[in-house]
Amino acid sequence: MITFLVCLALLVTAYFTYGRYLERQAGADASAEMPCRRLYDGVDYVPLPRWRAFLIQLLNIAGTGPIFGAVLGACFGPVAFLWITFGGIFMGAMHDYLSGMMLVRNDGLSIPEVVGRYLGEGMRHFMRIFSVLLLVLVGAVFLLSPAQLLANMVPAISCPVWVWLILAYYFVATLLPIDKIIGRIYPLFGVALVAMALGLLGAVIVGDYRIPELTTLHNFQLDPARVPIVPTLFITIACGAISGFHATQSPLMARCVGNERACRSVFYGAMISESIIALIWAAVAMAFFGGAGELSAALGEHGDSAAWAVDTISNGMLGVVGGMLALLGVVAAPITSGDTAFRSARLIIADMLHLEQRSKLKRFYICIPLFAVGYWITQVDFDVVWRYFAWTNQTLATIVLWAIVVFLQRRRSNRWVGLLPALFMTFVCSSFLFVSDQFLGMENRTAAYACGVAVTVAVTAGMLLKLKHDAKSNS
C-alpha cells in the first residue's frame, strides 16, 4: 500500500504547490471582470459560488473515465499508479487549469474558438468538427455505460429502455438554463462520487485486501505484445491522467466562475480530485481480484467489461446495500457528464454559427440532430466506441496542450510546463496509430515507434515555426 499512499500524498500536495505555481504563470487576477457578469444571459452565463462550480466541474469531467478507464488500466499493473499521479499533476491538471484560464479570458467561448485564436483559423475549423465528434462519442458512451449498470441493478427494465430514459433526461437538461438542474443537483452527485470512492478505499483498508506495490514495470495484460504499456496505457487511462474532453467541458464553468483566483480550485482542483478517484479505483480493482494479473484474467472471461468489474467490486466489497449506493455514484458520474457533453456540443455549434442561445427554439434546433446521431452511435458495439473515443480524446488533449504553449509564450511565462507534456502526448497519440490493431497495427514495433517519433518531430517542427512567427507578430 506504500506506493498507493505516496501517490495519493503527491496528488494532494501538488494542488498547493504546482497548482499555485501555474496560477502565477497564468497571472490570475482577483479583480478581473468575469464573463459570468459581463455577458450574463440567464442561460449559460450565470454566476455560481466557487464550491458549486468546483463540484459541477468535477461531475462534468468525471464520467466513467476515472472509473472504467482506471479499472481497465489497472490490468497493466501498479505502473498505472505512476501514470495517474504524474500524468494528473503535470499534464491533466495543468491542461485543465491553463485551458480553463484561456477560456475565461476569451469570454468562455467553446474550445475550438479559443484554440483557433492561438493556433490559427485552420485549426479552428478542424477543432469544430473534431470536438463535436468527440462530444457525440462521449454522449453515446455515457448513454450506454450507465444504462448497462442500471439494467444490472434493475433487471426488470432492459438496457434499451434505460437508454431512452437517459436520453430523454439529456434532452431536457441540455435545453434548460445551467442553474435549473445542473447547478442545483450536480453538487450532490459530486459529493456522492467522492463518498463512493472513499467508501471503497475504506473497505480495502479495513478488509483483508492488499494493494500491490510498484516493484516491476511488467505488463500484466493477458496479451502484452498486443497492448504494450507504451503507448496503450496512456490511451486507456485518460480521464484520470489527462483528457481532451475536459477542455470541451470547461467552457460551462468558465462562463459561471466568479473570480480568476477561484479557477485553481475549479479547474486544477477538480482534475486532482478526479486523479485521486482514478487512483482509488485502480488500487481497489487490483486489490479485490488479488492482483493485476488476476484482474486481467477475470475481465478476459467477461469480455473486458469494466461495467461488470465495477458491479462485482461494489457489491463484493460493500454488500448489497452499500454496493447499490456505490453504483448509484458510478451511474451518476456518466449521466452528468453525458448531458454536459451534449450541452457543450450545442455551445460549439452555436458559437460557430453565431446563434444566440436565449431562444429555446434555437437551442432545440441544434439539439435534435445531435441526439439523433448520439443514439445511432449507441447501436455500435460499446468496446469499439470506447476505443475510438479514447484515442480521439487524447488527440484533442494534445492539440489543446500546443495551444497552451502559445498562450504561455504570449504571456512570456514558462512555456516548458506546456511544451514537455505536448511533446509526450504527441508521441503517445501518433505512435498509437501505428502500434494499435484498431488502426494500422504494425507488427514491427521498432518501425511503429520510429514512425511515431517521425510524426512527433514533424509536428514539433511545425509548432516551433508557429511559435517563432507568433513571437515576431507580437513583439
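Anyway, here's the lowdown on the structure attached to this text. Please read these numbers as outputs of a predicted model, since none were measured by experiment. (Residues numbered from 1 in each chain as written. Predicted model: local features only at pLDDT ≥ 70, side-chain atom pairs only at ≥ 80, totals over all residues. Heavy atoms only, no water.)

### As for the overall build of the chain
A count of helical and extended segments in the chain gives 19 helices and zero strands. Relative to the 2.2 N^0.38 estimate, which gives 23 Å for 475 residues, the radius of gyration of the chain is 21 Å and therefore close to what a compact globule would have. In the chain, which comprises 475 residues, the share counted as buried stands at 61%. The long-range fraction of contacts in the chain, counting pairs at least 24 apart against all pairs at least 6 apart in sequence, stands at 83%. Taken as a whole, the chain presents about 17,400 Å² of accessible surface, with 67% of it coming from carbon and sulfur. Taken together, the 32 basic and 27 acidic charged side chains of the chain have centroids lying 12 Å from each other. (Helix = DSSP H or I, 4+ residues; strand = E, 2+ residues; numbered from the N terminus. Rg over C-alpha atoms; globule rule 2.2 N^0.38 Å. Buried < 20%, exposed > 50% of the residue type's maximum accessible area, 1.4 Å probe, protein only. Contact = heavy atoms within 4.5 Å. Areas by Shrake-Rupley, 256 points an atom, 1.4 Å probe, with all protein chains shown as cover. Lys, Arg positive; Asp, Glu negative; His and termini not counted. Charge placed at Lys NZ, Arg CZ, Asp CG, Glu CD.)

### With respect to the packing of aromatic side chains
Under the criterion given, the structure shown has 16 aromatic pairs. Ring centres 5.9 Å apart and planes at 20 degrees place the aromatic pair tyrosine 18 and tyrosine 21 in the stacked group. A residue pair is termed a helical-turn pair when its members lie 3 or 4 positions apart in one helix, as tyrosine 18 and tyrosine 21 do in helix 2 (residues 18-26) at three residues. Taken together, the ring pairs in this structure connect Tyr18, Tyr21, Phe86 and Phe90 into an aromatic cluster. (Phe/Tyr/Trp six-rings, centres within 6.5 Å; stacked < 30°, edge-to-face > 60°.)

### Some points on a nonpolar patch on the surface
Together, Ile2, Val6, Leu10, Phe86 and Phe90 line one region of the surface with nonpolar side chains, adding up to about 450 Å² of accessible area. A per-element tally of the nonpolar patch places helix 1 (residues 2-16) first, with three residues. As for its position among the elements, phenylalanine 86 is in helix 6 (residues 79-104). Residue classification places phenylalanine 86 among the partly exposed residues on the basis of a relative accessible area of 40%. (Patch = residues over 30% accessible without salt bridge, like charges linked within 9 Å, V, L, I, M, F, W, Y side chains within 5 Å. Salt bridge = Lys/Arg side-chain N within 4 Å of Asp/Glu carboxyl O.)

### Some words on the side chain of aspartate 351
As for its placement among the helices and strands, aspartate 351 is situated in helix 15 (residues 306-353). Judged by its relative accessible area of 16%, aspartate 351 is buried. Setting aside residues no more than four positions away along its own chain, aspartate 351 makes contact with Leu109, Ser110, Glu113 and Arg255.

### Re unusual backbone geometry
A cis geometry characterises the amide bond from valine 230 onward to proline 231, with omega recorded as 10 degrees. Mapped onto the fold, proline 231 is located in helix 11 (residues 229-236). Positioned with a positive phi, aspartate 304 is a non-glycine residue whose angle comes to about 55 degrees. Residue position: aspartate 304 is located in the loop between helix 14 (292-301) and helix 15.

### Some remarks on helix 13 (residues 263-289)
Compared with the 39 Å implied by 1.5 Å per residue over 27 residues, the 39 Å span of helix 13 between its first and last C-alpha is a close match. Where helix 13 bends most, at glycine 269, the angle is about 35 degrees. Counting buried positions along helix 13 gives 26 out of 27 residues, so the element sits mostly inside the fold. Once helix 13 finishes, glycine 290 follows within two positions and takes phi at roughly 90 degrees, a positive value. (Expected span 1.5 Å × (residues − 1). Bend = angle between axes of the 7 residues up to and from the residue.)

Such coordinate-based values are descriptive only and should not be taken to indicate function.
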